[in-house]
Every structure is written in C-alpha cells, then in structure tokens.
Amino acid sequence: MNDTILIIEDEVLLGTELQRYYARLGFEALWAADCGQARAILYNPDLRPALILSDLSLPDGSGLDLLEETRGSLTDCEWVFLTGYGDVPDSVRALRLGAFDFLIKPCVQEQLDMVVRSALRSAQAQRRILTDSVNAGKRYAPETFLGNSAVTRQTAEMLRQFSQVPYSALILTGETGTGKGLAARILHYNSERAKEPLIELNCAALPKDLLESELFGHEAGAFTGAKARHRGLIEQAHRGTLFLDEIGEMPLDLQVKLLKVLEDRKLRRLGAEKEINVDIRIIAATNRNLQDEVKNGSFRSDLYYRLSVFELRLPSLRERIGDLDDLVPALIAEFNLQAGKKVSQVSARAWQLLKCYRWPGNVRELRNVLERSVILSSSQQLPEQWLPNEGLNGGTAAADFQSSVAAALDAASGEARLDLQFPTDGSMGLEDMESEIVRKMLEICHGNVMEAARILKTTREKIRYRIEKYNLR
Ligand SMILES: Nc1ncnc2c1ncn2[C@@H]1O[C@H](COP(=O)(O)OP(=O)(O)OP(=O)(O)O)[C@@H](O)[C@H]1O
Ligand SMILES: [Mg+2]
C-alpha cells in the first residue's frame, strides 16, 4: 500500500517538523517548499503521494490552484489544506475542488491525525477501485471471449459494439455455461461505466422476500429483523451496472417494482418515505425463452420489452464446435498454470472425443473436463480416459469414432440416415440441394469437417470448398 504523504509548506520550521512527525509514524513523508517543488513530486510516477497536506498561499502560487491544475490527472490522492489565513470562500472553493478537508492553523495534533488517517483511508479505497477496474478491464477485454468460429467472432464483435453505446438494458440469453456471466463482465468492464460498480444478483438464489430487500434495500424497522438501514443492490449499482442473473426466476410482483425503477429512475427503500434517484444499467441473463414465458404469463411483457432494448444470444458450444481449437489450448494453459502441470499435447483421438460430444453444459462443462484431465495428467499428453466418451466402448479409435458418429446420427434423426426432403416442383435446384446436404451433415457431425467428408465419401477440401461456396459457416 502506498503511504506517501506530501507536505507543501513554505515555512521551513513547520514543513520540516511535519515531515519528521509523519516519518516517525512510519510514512514516506516528502516536503515541498513551493508549488514548483510540489509539482515535481506530484507528477513523478514513482512517488505518487496518497495524501497532500498543503498550505494555501505559497511563494510561487496558491495551493488551491495547484489542486485545480492536478485534479484531472491525479485522481487517487486526497488533499487536506492547512492554513493560517483561510477564509470562507477559500474553504468553499477547496471543498468544491474535491479537497478532503480544510483546517485552520493552529490545529490540534489529534484533530490533524484523525483527518490524515481518514483521508489516507479514502485515497487507498480509491486506489483499490482504480486497480480493480484496470485489472478487470484487462481480464475482461472482448478478446477474452474465445473462439474463432463465425458465430463467436460475431458475438465478440457485438460485445465490443455494445460496450461502446449507452444502452439502459440488455438481455443475454443462452444455455447454461455458454458464457452469459463472462459476457456481462466484458460489457461492464469495457463500457464507460467500468469505474463504477458491477453488482450481481442471481434471482434464483434467494426466496422472494429476501430478494426484494436485497434489491430495494430497507430502512431500520421496515420489517421484523430489519435492525439497521440497508442499501439495496440497485442503489449500490448507481452509475454502474446491475447484472440480474436468471431474471426468469423473478416473481411477478417484483418484476412490477423493477419496471417502475427503470421507468422512473427512482427507488424507494422498503419502509422509506423518500425516493432516491438511481442511474443504473441492467444486464439481465436467462437460459429460458422469455418470449415463451411472456406468452404463458410467467414473465411480464412490459418488463420484457423494457429490458430487451438489445438482446444477445450466446450460441451453444455444439453450434460452434470449431471453437474447441482455441478453447482447448487456452484452457489447458490456464489449468497447467494453476496445477503446475505441463500438458502440451492433445492426441487425435482426444480431439475426436472432444469434438463428438454434445456438451450440454457448454463451456463450463468443457472447463471442468479439462481441469480434471490436466490435474490428473502424468505426462505432457492430455489423458483421454477422463474425456466424455458418449457411446464409445473400447475398440480402435476409428471404430469408436464411427460408433459415436452413429450415435450422434441416431440422436439427431432417430436413425443413421439423413432425413432430407426436397421439392420436385422445380423450386429448388441441384446446388441448393447440395448445400442443404452438406449443411445438414455438418450439423450432425457438430461441424467436424473430416467426419462429414468421410460419411459423404469425399475429401475435406471439397467440404471446405462447399462451406465457403454456400456460406455455411
Ligand atoms: N467464449 C468463451 N471463452 C472463454 N471462456 C468462456 C467462454 N464462454 C464461457 N466461458 C467460461 O465458461 C464458464 C461458464 O461461463 P458462464 O458462467 O459465463 O456461463 P453462463 O452462461 O453464465 O452459465 P449459467 O447460465 O449456468 O449461469 C466461465 O468460466 C466462463 O469464463
Ligand atoms: Mg451465469
């Protein structure tokens, strides 16, 4: 933690005395006798004082002007003014400029100590928020949404675009484990709200009453057990983002209240008289089909339309099985690092196992499978025995693979046969039919070009050519 204090004071005796005093208390204490010396310290990135204890009038300028000059670029320090001649307009200007406090000399040491301690705490809290959001910004860059398939590249591009526009609400849909939580973080930490909080609530995790007081907060005595005032999550997300996971689980009467907050941009804590202004962005996630829920009456249509200003569907891993080429090495590297392993090879059979599986739990399931495999590995080779082998039971790799494709065909069409129907009225040409055959075959093979080529008794190149030709990505 940076505990550097800069004392700006032109009276040599007082300046050196304060410097010695704070050095004795264990701080890195620097002393500047005028604005020029202070600037040299303030703009030195290696020094970065957390607290500036400044006189008002200095030989070459005013401490207040110095604060005004630097406050745009130095946002993680606090200023306390200590002056013999301060008047009311000065103190008002100081506070308006964001100074932490304004003290008149002579001032009691204990009082100064107390102000210094609180100002340092405040500067440190600001530093934490800044570092957290900078780190999170890096950790959740849009590129962290891995995958090179066309759908994934498109999804990452949408995430990048949404991060740059000021929308009020957005819905993320997709099966479990498709990355809705990751997408919400990318959206928040790359937006202009990144420095404000991202507050998360899983609507399925709490019973209704708790959900309400968690979201809206309450005053002391609002209900039995409400001992102290509680700021709700909506309030905490002020200027930031509220991520409501599993929004489909929110009870209907809370949906009404949430809609009201969104429309009025105001909120009333439970048991409160006054309303509070709130400026929030909502990202809601669900693995249900909200339009169906609206039709059957379990989700309010007005809230749905209010939230679905933008809607982004995250594709299942099945639809973008080619992404395994990027996901698998990246995840293996991550788990190598965590577990101190050195897995670097994935056998052809392991790839087949990974690419033939349907991944109902999507990327989350893939992570679990790879974590287990890396942890249990005993060489540089990714072990195959922990990979999902639906329908595989011994035999040669090729035979295993064929039987798993047969299983996939079974699952898709009930039997090992492509079920296609083409009109004979001339409305569909040979090329369209060919395109449809290749598309359907790729779907059944989960995008595995090699397998589709094998079944169609052709070459990978020819399948690839048709993928381009018919735009089947
Ligand atoms: N495209 C991706 N690239 C890298 N990691 C991903 C990707 N998609 C998902 N993940 C990772 O997979 C895991 C599961 O994703 P996440 O928790 O975001 O899914 P979810 O859609 O919120 O699931 P649920 O509906 O079950 O809450 C996370 O660790 C996430 O970081
Ligand atoms: Mg989630």
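Residues numbered from 1 in each chain as written. Chains lettered and ligands numbered in written order. Predicted model: local features only at pLDDT ≥ 70, side-chain atom pairs only at ≥ 80, totals over all residues. Heavy atoms only, no water.

### Quick notes on the site of ligand 1
For clarity, the cut-off: If a single non-hydrogen atom of a residue is within 4 Å of a molecule or strand, that residue counts as near it. N or O atoms within 3.5 Å of each other form a polar contact, as long as, within protein, one can give a hydrogen and the other can take it, and as long as residues adjacent in sequence are counted only when both atoms are side-chain atoms. Here the open area of atoms and residues is found with the Shrake-Rupley method and a 1.4 Å probe, where only the protein chains shown may cover a residue. The pocket and cavity definitions rest on a 1 Å grid over protein atoms only: a 1.4 Å probe that fits but cannot leave marks a cavity, an open set with protein on both sides within 12 Å along at least five of seven lines marks a pocket, and residues lining either have an atom within 4 Å of a point. Think of it this way: a molecule belongs to a cavity or pocket when more than half its atoms come within 2 Å of the grid points there.
Taken together, 17 residues lie near ligand 1, and Leu146, Thr176, Gly177, Lys180 and Arg364 sit nearest. Between ligand 1 and Leu146 there is a distance of 2.9 Å, counted from a nitrogen atom to a backbone nitrogen or oxygen. For ligand 1, an oxygen atom lies 3.1 Å from a polar atom in the backbone of Gly179. Out of a free accessible area of 630 Å², ligand 1 has 83% covered by protein chains. With respect to the detected pockets, ligand 1 is housed in the second largest pocket.

### Some thoughts on the sheet that holds strand 13 (residues 281–286)
What counts here: The criterion for strand pairing is that DSSP finds at least two bridges linking the strands in question. In this description a helix means any DSSP run of H or I spanning at least four residues, a strand means any run of E spanning at least two, and both kinds are numbered starting from the N terminus. Lines fitted to C-alpha atoms define the axes here, with helix axes fitted over just the stretch in contact, and angles between the N-to-C directions of these axes take values from 0 to 180 degrees.
Taking strand neighbours across the sheet as the criterion, the 5 strands line up as 9-10-13-8-14 in an open arrangement whose pairing is parallel. A strand with exactly one partner marks an edge of an open sheet, and here the two such strands are strand 9 (198–202) and strand 14 (310–313). For this sheet the average axis-to-axis angle between neighbouring strands, irrespective of direction, equals 15°. For strand 10 (residues 241–245) and strand 13, the ladder comprises 4 bridges, and the chain directions are parallel. Of the residues in strand 13, the one forming a bridge with Thr241 is Arg281.

### Let's talk about the packing of aromatic side chains
Put simply, the rule is: Pairing of aromatic rings covers Phe, Tyr and the six-membered ring of Trp, with a centre-to-centre limit of 6.5 Å; geometry is then stacked below 30 degrees between planes, edge-to-face above 60, and tilted otherwise. Whether a charge lies above a ring is judged from NZ of Lys or CZ of Arg, which has to be within 6 Å of the ring centre and within 35 degrees of the ring normal.
On inspection of all chains with the given rule, the structure shows 10 aromatic pairs. An angle of 15° between the planes, with centres 5.7 Å apart, marks the rings of Tyr140 and Tyr189 as stacked. Taken together, the positions of Tyr140 in the loop between helix 5 (109–139) and helix 6 (150–163) and Tyr189 in helix 7 (residues 180–189) put the pair 49 residues apart, joining distant regions of the chain. Aromatic side chains Tyr304 and Tyr305 sit 5.3 Å apart centroid to centroid with 70° between the ring planes, which places their arrangement in the edge-to-face category. Through pairs of rings, three or more aromatic residues link up here, namely Tyr21, Tyr22 and Phe27. Over the ring of Tyr167 we find Arg281, and its NZ or CZ is 4.1 Å from the ring centre.

### Quick look at the state of the cysteines
Definition in use: Sulfur atoms of two cysteines make up a disulfide when they are within 2.5 Å.
Throughout the structure, instances matching the rule amount to 0 disulfides. Of all cysteine sulfurs in the structure, the one in Cys35 sits closest to Cys77, which takes part in no disulfide; the separation is 15 Å.

### Topic: the pattern of salt bridges
Test applied: Definition used for salt bridges: Asp or Glu carboxyl oxygen within 4 Å of a side-chain nitrogen of Lys or Arg. The buried label goes to any residue with under 20% of its type's maximum accessible area, the exposed label to any with over 50%, and the partly exposed label to all in between, with areas taken from a 1.4 Å probe on protein chains only.
As enumerated under the stated definition, the model contains 37 salt bridges in all. Measuring nitrogen to oxygen at the nearest pair gives 3.7 Å for the salt bridge that ties Arg20 to Glu17. On the criterion of helical spacing, the pair formed by Arg20 and Glu17 is a turn pair, its members being 3 residues apart in helix 1 (residues 12–24). A salt bridge links Arg269 to Glu235, with the shortest nitrogen-to-oxygen separation between them at 2.9 Å. Note that Arg269 is positioned in the loop between strand 11 (266–267) and strand 12 (276–277) and Glu235 in helix 9 (residues 233–236), a separation of 34 residues in sequence. Exposure remark for Arg269: the relative accessible area of 11% places this residue in the buried category. The buried category is assigned to Glu235, whose relative accessible area is 7%. Overlapping salt bridges, with partners in common, bring together Glu219, Arg231, Glu235 and Arg269 in one network.

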